[in-house]
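Each chain is listed here by its residues.
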Amino acid sequence: MMCMPLVAFSAGKKTTNSNEARRLFEATYDRVFGDKGCQLHYEVNLVGVYKTSGSIWMKGKKSKFIDAKVDSWNDGKTIYTVYRKKKQIHVFEAGSDKRDKYASKFKFTLDDFDYEIMERISGYVMIKLKQRKEAKGTVKEARVLIEEKTLTPVHAKVKVAFFWANIAISDFKTDGISDDMFVFPKEKYGSDYKYVDKH
């Protein structure tokens, strides 16, 4: 009978950890994908498959990113992706899975996971996300490093299928993101660029 209070205490402690982990992750998620907007630099290494780096601006469902090969604008309805070397502009619906070969594979909702604070060290907190059995997203597991005081994401390790992706994040800023920056500057690209409709 003595073990029952210990079991209850252990379960309560685990629940407290999980609730705090989710609260911290959701608050950070909102800073990245919320209506106020953000900008950041990223370096992605999809281990053994793909590497890229660039800068991205996001605000709600709108985004713009620039990397070594492409410039892309998403105004919330239409995506324009400019392949500079090919001189092609691919046009997609904003929700299309065809818009990006790799990014479209990272699908999840906040309810897909169980959350756990793995460790705290020097002002940072590491949160583990483990996919629940009933989840329908593609992300199986993630470990996200956050600067706890500012809720700034620093690094994420994400498992999709059998692959791990390492994402390093720097130069993170919020607010001051104008909607104008998500409008495709058609006048910038002359007749030497070919439009390819991907609807």
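Residues numbered from 1 in each chain as written. Predicted model: local features only at pLDDT ≥ 70, side-chain atom pairs only at ≥ 80, totals over all residues. Heavy atoms only, no water.

(A) Layout of the overall build of the protein chain. When its secondary structure is counted, the protein chain shows one helix and 12 strands. Within the span of the protein chain, comprising 199 residues, buried residues form 34% of the whole. Across the protein chain, contacts joining residues at least 24 apart in sequence account for 45% of those joining residues at least 6 apart. Carbon and sulfur atoms make up 55% of the accessible area of the protein chain, which amounts to about 12,800 Å² in all. (Helix = DSSP H or I, 4+ residues; strand = E, 2+ residues; numbered from the N terminus. Buried < 20%, exposed > 50% of the residue type's maximum accessible area, 1.4 Å probe, protein only. Contact = heavy atoms within 4.5 Å. Areas by Shrake-Rupley, 256 points an atom, 1.4 Å probe, with all protein chains shown as cover.)

(B) Geometry of the environment of P153. With respect to the helices and strands, the residue P153 is situated in strand 10 (residues 152-160). For the pair formed by P153 and T28, sequence separation is 125 residues and the distance between their alpha carbons is 6.9 Å. Aside from chain neighbours lying at most four places away, what touches P153 is T28, V32, L145, I169 and F172.

(C) Seen up close, the nonpolar core. If you look at the biggest cluster of nonpolar residues, it comprises 17 residues, and the most contacted ones within it are Y115, I127, L129 and V144. Elements supplying a minimum of two residues to this core: helix 1 (3-33), strand 7 (113-121), strand 8 (124-131), strand 9 (139-147) and strand 10. Counting residues per element, this core draws most heavily on strand 9, at four residues. Residues V32, L40, F65 and I169 belong to the second largest nonpolar core, which totals 10 residues. (Core = buried A, V, L, I, M, F, W, Y, C linked by side-chain atoms within 4.5 Å.)

(D) Seen up close, the pattern of salt bridges. The tally for this structure, following the rule as stated, stands at 12 salt bridges. For R23, the salt bridge goes to E20, with nearest N and O atoms at 4.0 Å. A residue pair is termed a helical-turn pair when its members lie 3 or 4 positions apart in one helix, as R23 and E20 do in helix 1 at three residues. Note that K87 and D192 form a salt bridge whose closest N and O atoms lie 3.3 Å from each other. Pair noted here: K87 is in the loop between strand 5 (78-83) and strand 6 (88-93) and D192 is in the loop between strand 11 (163-174) and strand 12 (194-197), with a separation of 105 residues, a long-range link. Look at K87 and you get partly exposed, because its relative accessible area is 33%. One continuous salt-bridge network, built from bridges that share partners, spans E20, R23, R120 and E148. (Salt bridge = Lys/Arg side-chain N within 4 Å of Asp/Glu carboxyl O.)

(E) Fine view of the packing of aromatic side chains. One pass over the structure, following the stated rule, counts 11 aromatic pairs. The interplanar angle of 80 degrees and the centroid separation of 6.3 Å between the aromatic rings of F113 and Y115 together place this pair among those described as edge-to-face. For the residue pair F113 and Y115, the accessibility class agrees, reading buried in each case. Each residue in the set F25, Y29, F33, F108, F113 and Y115 is aromatic and connected to the rest through ring pairs, giving one cluster. Seen from the ring of Y83, K86 lies directly overhead, with NZ or CZ sitting 5.5 Å from the centre. When the ring centre of W164 is taken as origin, the NZ or CZ atom of K157, which lies over that ring, is 5.0 Å away. (Phe/Tyr/Trp six-rings, centres within 6.5 Å; stacked < 30°, edge-to-face > 60°. Lys NZ or Arg CZ within 6 Å of the ring centre and 35° of its normal.)

(F) Spotlight on unusual backbone geometry. At K87, a position not held by glycine, the phi torsion is positive, near 60 degrees. One non-glycine residue, S122, lies in positive phi territory at about 50 degrees. For S122, the location among the structural elements is in the loop between strand 7 and strand 8.

(G) Region of interest: a positive patch on the surface. A cluster of basic residues, K69, K85, K86 and K198, forms a positive patch at the surface. Within the secondary structure, K86 is located in the loop between strand 5 and strand 6. (Patch = residues over 30% accessible without salt bridge, like charges linked within 9 Å, V, L, I, M, F, W, Y side chains within 5 Å. Lys, Arg positive; Asp, Glu negative; His and termini not counted. Charge placed at Lys NZ, Arg CZ, Asp CG, Glu CD.)

(H) Highlighting the side chain of T152. Following the sequence through the fold, T152 ends up in strand 10. In this structure the side chain of T152 is engaged in a polar contact, spanning 3.4 Å, whose partner is the side chain of R31. T152 has contacts with R31, L145, I146, E147 and F172, leaving out every residue within four places of it along the chain. (Polar contact = N/O pair within 3.5 Å; in protein donor to acceptor, adjacent residues only side chain to side chain.)

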